[in-house]
Amino acid sequence: MGLFEELCDSIEMENNPKKRYRLYEAAVGLYSGNLLPRLSDNIYFIPSITYYQGLYFRLAGRYIERQTECGEYVYAHKAAKAALAFDPFNSSLNMHLTILLYQQSGAGTANAFYTGIKRHLTEAHIQRIKQTCPNMII
């Protein structure tokens, strides 16, 4: 998994959004395709799996934020949905997706999504949604 960690570091240092997306896709491909399915049933690998899951979720969150800052909402949206496939109750990822839906589709779509996931959000993430999406009903 050294290559996964190298790709994570490369993504942070890359300024070009398209190159960053390619690096992100490569990292996600390694993470989801090679590590978890083979190791998830072996109790001895739980600490490693936990480490790599944490690394992956931090990577996804930072990637989503950087893509959003660059106006690359489609890439950010795709990344949030892919990461939520691993943990559908992740508060940070659900917050990001709510904000992305607001930015892409407006308050109606974001409110509909928010209604279904609000019980999985931390108070800090709810406050960030309120600040970022002023027309939402929260």
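Placed above this text is the structure.
Read on for a plain summary of the structure.

Definitions and limits used
- Residues numbered from 1 in each chain as written.
- Predicted model: local features only at pLDDT ≥ 70, side-chain atom pairs only at ≥ 80, totals over all residues.
- Heavy atoms only, no water.
- Helix = DSSP H or I, 4+ residues; strand = E, 2+ residues; numbered from the N terminus.
- Salt bridge = Lys/Arg side-chain N within 4 Å of Asp/Glu carboxyl O.
- Buried < 20%, exposed > 50% of the residue type's maximum accessible area, 1.4 Å probe, protein only.
- Contact = heavy atoms within 4.5 Å.
- Axes fitted to C-alpha atoms, helices over the stretch in contact; angles between N-to-C directions.
- Left-handed = near helix turned anticlockwise from the far one by under 90°.

Once that is clear, we can look at the environment of I117. When you line up the elements, I117 lands in helix α6 (residues 107–117). Along the sequence, I117 and M95 sit 22 residues apart, while their C-alpha atoms lie 9.0 Å from each other.

Once the charged atoms of two side chains with opposite charge are near each other, the side chains can pair. Scanning the model with the defined rule gives 2 salt bridges in all. Measuring nitrogen to oxygen at the nearest pair gives 3.3 Å for the salt bridge that ties E25 to K78. Taken together, the positions of E25 in helix α2 (residues 17–39) and K78 in helix α4 (residues 73–84) put the pair 53 residues apart, joining distant regions of the chain. Here K78 falls in the partly exposed class, since its relative accessible area comes to 49%. Where R128 meets E65, a salt bridge forms, and the shortest distance between an N and an O atom there is 3.5 Å. Taken together, the residues R128 in helix α7 (residues 123–132) and E65 in helix α3 (residues 46–69) connect sequence positions 63 residues apart. Under the relative-accessibility criterion, R128 is labelled partly exposed at 33%. Residue classification places E65 among the partly exposed residues on the basis of a relative accessible area of 30%.

Bringing the environment of I99 into the picture now. Residue placement: I99 occurs in helix α5 (residues 91–105). Put simply, I99 and T68 are 31 residues apart on the chain and 9.6 Å apart in space, counted from C-alpha to C-alpha. Those residues in contact with I99 that sit more than four places away from it in its chain are R128, I129, T132 and C133.

The subject of this paragraph is the packing of α4 against α5. Relative to each other, α4 and α5 sit at 145 degrees, their axes nearing to 9 Å. For the pair α4 and α5, the sense of crossing is left-handed. Within the contact between the two elements, α4 uses Y73, V74, A76, H77, A80, K81, A83 and L84 and α5 uses L93, N94, L97, L100, L101, Q103 and Q104.

A separate point is the side chain of H77. Relative to the elements of secondary structure, H77 occurs in helix α4. With relative accessibility at 18%, the residue H77 sits in the buried group.

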